[in-house]
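Chain by chain, the residues run as shown.
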Amino acid sequence: MFVVKDGYIYVGVCLVLTALVAWLAGIYWAVIPFVLGLYFAYFFRDEHREVIYDDGILYSAADATVVAIEELYEDEFLMCDCVKITTFLSVFNVHVNRSPMKGEVKYQKYTVGEFVPAYDSDAGARNERFAIGLDNGKYKILVIQVAGLLARRISNWVSLGHQMEQGERYGMIKFGSSTEVYVPKDIFEPCVKVGQSVVGGVTVLGRIKA
């Protein structure tokens, strides 16, 4: 387990504040910024995971809870009827996002939006979000990071043309968020249900039928 680079400044500032407060006000008051620094280290943590490659399945993009499984027409990248799986990340989940499949990044779009709670049913349409479209030559999927009430910044670590490995880390959303995975309906069979806890790069979201 380690802290991702996005968390360095948060942890570092808290450690500096701990030293300053201890010097100016005493060790007892320094406990507050020290504990906050420990939380930031916990929030920005990441884990090494052995991802078993399988082009016949899609892994969860995040450590989260499944809050919705819907069928709808996706008109941003896939342009077809899709299954959309929405997962909600609490402030206690690992927030590093992982690629559900192996494929090339063919589409990216950042959308400025609001910051309603990520578990809200229309958060995906109203909130700040970052979309990534992946293509493996056989089929395509769309993964969207959605900001939440506390999340004010989405970090993306890949660019167009990047060849993504299945389970590869590609970004994170800071302080509460959700992810949406869109898959063409005619090739996808979901393997999760609403209310289920999932683990990024480990839990199988569904199987590819073609």
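Here the structure is a predicted model, which is why all the values come from computation and not from measurement.

Criteria and cut-off values
Residues numbered from 1 in each chain as written. Predicted model: local features only at pLDDT ≥ 70, side-chain atom pairs only at ≥ 80, totals over all residues. Heavy atoms only, no water. Helix = DSSP H or I, 4+ residues; strand = E, 2+ residues; numbered from the N terminus. Buried < 20%, exposed > 50% of the residue type's maximum accessible area, 1.4 Å probe, protein only. Areas by Shrake-Rupley, 256 points an atom, 1.4 Å probe, with all protein chains shown as cover. Core = buried A, V, L, I, M, F, W, Y, C linked by side-chain atoms within 4.5 Å. Contact = heavy atoms within 4.5 Å. Salt bridge = Lys/Arg side-chain N within 4 Å of Asp/Glu carboxyl O. Expected span 1.5 Å × (residues − 1). Arc of directions from axis to C-beta. Pairing = 2+ DSSP bridges. Axes fitted to C-alpha atoms, helices over the stretch in contact; angles between N-to-C directions.

A.B. asks: Even after reading the chapter, I still don't get the overall build of the protein chain, so can you show me in this structure?
C.D. replies: Within the protein chain, the regular secondary structure consists of three helices and 16 strands. Within the protein chain, the proportion of its 210 residues that are buried is 48%. Just so you have it, the protein chain exposes about 10,400 Å², and 60% of that area is on carbon and sulfur atoms.

A.B. asks: Would you mind going over the nonpolar core with me for this structure?
C.D. replies: Most often, soluble globular proteins keep nonpolar side chains buried together rather than apart. Counting residues in each nonpolar core, the largest one holds 30 residues, and the members touching the most others are Leu58, Ile141 and Val183. Elements represented by at least two residues in this core include exactly strand 4 (64-74), strand 5 (80-89), strand 8 (129-135), strand 9 (140-147), strand 12 (169-173), strand 13 (177-184) and strand 16 (204-208). Setting aside anything within four residues of it in sequence, one finds isoleucine 141 in contact with Leu58, Phe77, Leu78, Pro100, Met101, Ile132, Gly133, Leu134, Tyr182 and Val183. By size, the runner-up hydrophobic cluster in this structure holds ten residues, among which are Val4, Val94, Val96 and Met172.

A.B. asks: Please explain the pattern of salt bridges as it appears in this structure.
C.D. replies: Where charged atoms of side chains with opposite charge meet at close range, the side chains can pair. What the rule picks out here adds up to nine salt bridges. Here aspartate 46 makes a salt bridge to arginine 98, at a shortest N to O gap of 3.7 Å. Of this pair, aspartate 46 sits in strand 2 (residues 45-46) while arginine 98 sits in strand 6 (residues 96-98), placing them 52 residues apart in sequence. Salt-bridge contacts for glutamate 47 lead to arginine 49; the nearest nitrogen and oxygen are separated by 2.9 Å. Given a relative accessible area of 25%, glutamate 47 falls into the partly exposed group.

A.B. asks: Is there a simple way to explain helix 2 (residues 31-43) in this structure?
C.D. replies: For an α-helix the count is 3.6 residues per turn, leaving residues at separations of three or four pointing the same way. With 13 residues, helix 2 should cover 18 Å at 1.5 Å per step; its first-to-last C-alpha distance of 18 Å lies within 8% of that length. For helix 2, every residue scored as buried is listed here: Pro33, Gly37, Phe40 and Phe43. Looking straight down helix 2, one finds that the buried residues subtend no more than 120° of arc, so they occupy a single side. Tucked inside the fold, the buried residues of helix 2 contact helix 1 (8-24), strand 2 and strand 12.

A.B. asks: Where do I start with the sheet that holds strand 3 (residues 57-59) in this structure?
C.D. replies: Strand pairs in the sheet, formed through backbone hydrogen bonds, run parallel or antiparallel to each other. Read across the sheet, three strands follow the order 3-16-14 without closing on themselves; strand pairing throughout is antiparallel. Two strands in the sheet have a free side with no partner beyond their single neighbour: strand 3 and strand 14 (188-190). Taken pair by pair, the neighbouring strands of this sheet meet at an average axis angle of 25°, ignoring direction. As paired elements, strand 14 and strand 16 share three bridges and run antiparallel to each other. Bridging across to strand 16, phenylalanine 188 finds its partner in isoleucine 208.

By themselves, these figures tell us nothing about what the structure is for.
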